[in-house]
Amino acid sequence: MKQNIAIVGSGFLGMTLAMRYADAGAKVTLFESAAEIGGLASVWDIGDIVWDKHYHVVLASDRHTRNIIEEIGLGDEFRWVETKTGFYTDGELLSMSDTMEFLKFKPLDIISKLRLGATIFYASKVKDWKRLEKITVEKWLTKLSGKKTFEKMWKPLLKAKLGEAYKETAASFIWATIQRMYSARNSGMKREMFGYVRGGYARVLERFGEVLVEKGVEIRLNSRVDKIERLDSGKVRVTPAAARRHKDVKPKIVPQETKYAKYQTATVTSPGFSAGFMTEPNPAKPTVRQFPRNSSSDIFDRVILTCPSNVAAKMLPQLEKTERQDLESISYQGIVCASVLMKCSLSNYYVTNITDDTPFTGIIEMSAIVDKREFNGNALIYLPRYVAPDDELFDKTDEEIERYFLNGLEQMYPHFRKKDVVAFKISRVRQVFPIPTVRYSEGLSPMKSSVDGVHIVNSSHIVNGTLNINETVALAENFF
Ligand SMILES: Cc1cc2nc3c(=O)[nH]c(=O)nc-3n(C[C@H](O)[C@H](O)[C@H](O)COP(=O)(O)OP(=O)(O)OC[C@H]3O[C@@H](n4cnc5c(N)ncnc54)[C@H](O)[C@@H]3O)c2cc1C
C-alpha cells in the first residue's frame, strides 16, 4: 500500500521533500499555515509587481538550487550578473568590489587591511569546521585580524546579522560565510556572479506548486498544524487549527499570477474540504483537478516537520522531556525587512554593508542585478534589520518603521527623495535562522524524534553552512 506522508511547512525544505516522496510513490499532504507556499522564499505584490518578500539570489556554486530549478523546468531561465559590493563606513559610501578597491579602502590602515585579507584567505582554506565550533567568533577573529580591525569591521558586520548574540556565536559561523563567498568565485565563472530566475521566486514557486499538484501532492494552505500524536495503531494523527473562514483569506500558490504564468494554480481550503486546482492555458476550457479531503486523511504513516524547532516541540505532547528541552533551547534570530519600490536607484551595489549605526543593518539593491523591466522600470531595494525575536521593532507599526527607515535613507543618500518611493512593505519574521552558538551541533536532537513516525528536519540541522536555499535543498536531499 502507498505510504501516507504528511509534511508540515511548504518552504523549500517541505516542497523538495514533497516532490521526492511523491516521486517515490507515496501519497503526500503538505500542510502550510500561510495563505501561500514558499515560507521565507515566498512572494507578495508590492506596487504593481510580484516579487520576493526577502531578497534572494542564486550563486553559480548553488548546485542543489540549480538542480531543483532545472528539474521543475526553469533551468534555462537563469540570468547571471557580475555584482558590486559597497561599504557604508564613517558616513561615506565606498566601493569594495575588487582587490584594488580593497587596498584603497580608507577606513583601515594598510596593516589592518593585510590582516583582514589574510584572515579571509586563511578561513577559506580551513577544512575542519568542528574545531571552529569550539571557540567564539569574537575570539577567533580578534586573534587573526587584531583588536582594531575586529572593532572597526568585524564587530559591526557580525552585529548586523546576529545582534548581541554575536558574543555567543561560534567561529564556524564566519567560516561558513567566507566559504560561501569563496565558492561563488571558484565555481568556474571566476568572477562573483549572482543569478536569478526571470520572474523571481514568484515564477519558481508558481511552477513548483504546479509540479507538486501534477505529481498528486495535496497542498493545504491556511492549515496551521496544532498537534501531532502517535496513536496505538502505530499511525500518526495530525490536527490542524480550525480552518479560517474561507472568505477572510484568499489562499493561492502565489498571491497573483506572474506575467510568465502558463497555468493558473490555486488551492482552496475551507472546513471539510481541501483542493488543488490547475487550469490549462486555454481558460475557456479549464481542466480542474480536485483532491477532495476524505475522513481518514488526517491520519498518516509518517509526519515530517520542517518548521522551527520550538514550534515543532509545541505540537508534540508525547516528546521525551530532554528532547523537548533541547528543541526549545535553540535561539533564533529574526528579521524586520522592508521592500522599497522606488523611481530611482540608490547605487549600483547589490549589497551595501553598513558598519555605522543606521536603522537597517544592510542595503540590498535587487535592481542592481535584476533587469529593471521586471520592476516596470523602477528600482527594488530591501532594507533588512536582523533582530532578536523579542525585539521591540516587531511591535512598531508599519508607518513607524517606514518613517524610521526612510529617514535613515535620507541621511545616507543625498539624492534620495521620499517622494520617489512608489511602494513600501514590511515583512516581520521572528524565527529566521538558529544562532550557531559554541558547540551548537553537539546538543542537536536527531531528526528522528522520540515520537515514533515523526521527524523534525529544519534549518537547525544546517550545522556547517549559512542559511540559504542551496543548503535547505541539500538537507532535504540528504534526509530523503
Ligand atoms: C532576508 C532573507 C534573505 C535570504 N536570502 C537568500 C538568498 O539570497 N539566497 C538563498 O539561497 N537563500 C536566501 N535566504 C534563505 C532561504 O529563504 C531559506 O534557506 C529557505 O527559504 C528556508 O526554507 P525552509 O523550508 O527550511 O524554511 P521556511 O521557508 O521557513 O519554511 C517553513 C514553513 O513552515 C510553515 N509553518 C510553520 N509552522 C507551521 C505550522 N504549525 N503548520 C503549518 N505550517 C507551518 C511556515 O509558514 C513556512 O512556510 C534568505 C532568507 C531571508 C530571510
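The rules behind each value
Along each chain, numbering runs from 1 in the same order as the chain's sequence is written. Given that the model is predicted, a residue must reach a pLDDT of at least 70 before its local features are reported, and side-chain atom pairs must reach 80 or more before they are shown or counted; all residues, however, enter totals for whole chains, interfaces and linings. Neither water nor hydrogens contribute to the side-chain values; these are computed over all heavy atoms in the structure. Runs of H or I in DSSP of at least four residues are treated as helices and runs of E of at least two as strands, each being numbered from the N terminus. Only protein chains enter the accessibility calculation, which uses a 1.4 Å probe; a residue is then buried when its area is under 20% of its type maximum, exposed when over 50%, and partly exposed in between. The contact definition used throughout considers only heavy atoms, calling two residues in contact when any of these lie within 4.5 Å. Only the protein chains shown count as cover for residues, and the accessible areas themselves come from Shrake-Rupley with a 1.4 Å probe. Pairs of strands are assigned from DSSP output, requiring at least two bridges between the strands. Axis definition: a line fitted to C-alpha atoms, limited for helices to the stretch in contact. Angles are taken between N-to-C directions and run from 0 to 180 degrees. Whether a residue is near a molecule or strand depends on its heavy atoms: if one lies within 4 Å, it is near. Between N or O atoms, a polar contact is any pair within 3.5 Å; within protein, one atom must be a potential hydrogen donor and the other a potential acceptor, and residues adjacent in sequence are included only when both atoms are from side chains. Side-chain classes follow a simple rule in which Ala, Val, Leu, Ile, Met, Phe, Trp, Tyr, Cys and Pro form the nonpolar group, Asp, Glu, Lys and Arg form the charged group, and the remainder, Gly included, forms the polar group. As used throughout, domain bounds are those supplied by an automatic or database domain assignment. The rule for a salt bridge is simple: a side-chain nitrogen of Lys or Arg has to be within 4 Å of a carboxyl oxygen of Asp or Glu. By convention a nonpolar core is built from buried Ala, Val, Leu, Ile, Met, Phe, Trp, Tyr and Cys residues, the set being connected through side-chain atoms within 4.5 Å.

> Please explain the overall build of the protein as it appears in this structure.
Helices and strands together make up the secondary structure of the protein, namely 13 helices and 22 strands. Counting every position in the protein, which comprises 480 residues, the buried fraction comes to 55%. Contacts in the protein between residues at least 24 apart in sequence constitute 70% of all its contacts with a sequence separation of at least 6. Accessible surface, the protein as shown: approximately 21200 Å² in total, 50% of it carbon and sulfur.

> Honestly, the environment of Phe424 in this entry has me stumped. Any pointers?
Following the sequence through the fold, Phe424 ends up in strand S21 (residues 421–434). For Phe424, a relative accessible area of 15% puts it in the buried group. Separated by 22 residues in sequence, Phe424 and Glu402 place their C-alpha atoms 7.3 Å apart. Not counting residues within four places of it along the chain, the set of residues in contact with Phe424 comprises Ile46, Ala338, Ser339, Val340, Glu402, Phe405 and Leu406.

> How do you make sense of the sheet that holds strand S17 (residues 332–342) when you look at a structure like this?
Reading across the sheet, the seven strands line up as S8-S7-S18-S19-S20-S17-S21 and stay open at both edges, with mixed pairing between neighbours. One side of each edge strand has no neighbouring strand; the edge strands of this open sheet are strand S8 (92–95) and S21. Recorded for the sheet is a direction-independent mean angle of 20 degrees between the axes of neighbouring strands. Judged from the four bridges that link them, strand S7 (residues 85–89) and strand S18 (residues 351–354) form a sheet pairing that is parallel. By the bridge assignment for S18, Thr85 is matched with Val351. Strands in contact with helix H12 (residues 398–412) are S7, S17, S18, strand S19 (362–365), strand S20 (379–387) and S21; relative to S21, the strand with the most contacts, it is inclined by about 105 degrees.

> Mind showing me how you'd approach the site of the ligand here?
Close contacts around the ligand come from 30 residues, with Glu32, Leu40, Tyr55, His56 and Ile469 the closest. Backbone polar atom of Val225 to a nitrogen atom of the ligand: 2.9 Å apart, as the coordinates give it. At a separation of 3.3 Å, an oxygen atom of the ligand approaches a polar backbone atom of Asn468. For the ligand, whose accessible area on its own is 1000 Å², the fraction buried by protein is 89%. The set of elements that each furnish at least two residues to the shell around the ligand consists of helix H1 (12–23), helix H10 (309–315) and helix H13 (469–479). Split by residue class, the shell around the ligand holds 17 nonpolar, eleven polar and two charged. Both domains that furnish three or more residues to the shell around the ligand are identified here as domain 1 (4–79 + 198–330 + 436–479) and domain 3 (332–434).

> How do you make sense of the pattern of salt bridges when you look at a structure like this?
Two side chains bearing opposite charge may form a pair once their charged atoms approach each other closely. Applying the stated criterion across every chain, the model contains 31 salt bridges. The residue Arg428 makes a salt bridge to Asp398 at a minimum N-O spacing of 2.7 Å. Of this pair, Arg428 sits in strand S21 while Asp398 sits in helix H12; the two residues are 30 residues apart in sequence, bridging distant segments of the chain. A residue is classified by how much of its surface remains accessible, and Asp398, at 37% relative accessible area, is partly exposed. Salt bridges sharing partners connect three or more residues here, namely Arg20, Glu71 and Glu477.

> Just to check I follow, could you spell out the sheet that holds strand S11 (residues 225–230) for this structure?
Note: strands within a sheet are paired through backbone hydrogen bonds, in either parallel or antiparallel orientation. Within the open sheet, the three strands sit side by side as S11-S12-S15. Their pairing is antiparallel. With one partner strand each, in any of the chains shown, S11 and strand S15 (299–300) form the two edges of the open sheet. Here strand S12 (residues 236–240) pairs with S15 via two bridges, running antiparallel. Looking at the pairing, Arg237 lines up with Ile299 of S15.

> What's the story with the environment of Lys134 in this structure? I'm lost.
Tracing the backbone through its elements, the reader meets Lys134 in the loop between helix H5 (129–132) and helix H6 (137–145). Residues Lys134 and Ser172, spaced 38 residues apart in sequence, show a C-alpha to C-alpha distance of 8.4 Å. Residue contacts for Lys134: discarding those within four places in its chain leaves Val438, Arg439 and Glu442.

> I would appreciate a short explanation of the nonpolar core in the present structure.
Burial of nonpolar side chains together is a common tendency in soluble globular proteins. In this structure, Trp51, Leu158 and Met366 are the most contacted members of the largest nonpolar core, which totals 54 residues. Those residues in contact with Leu158 that sit more than four places away from it in its chain are Val137, Leu141, Phe150, Gly163, Tyr166, Phe173 and Ile174. Ala18, Ala202, Val204 and Val473 belong to the second largest nonpolar core, which has 43 residues in total.

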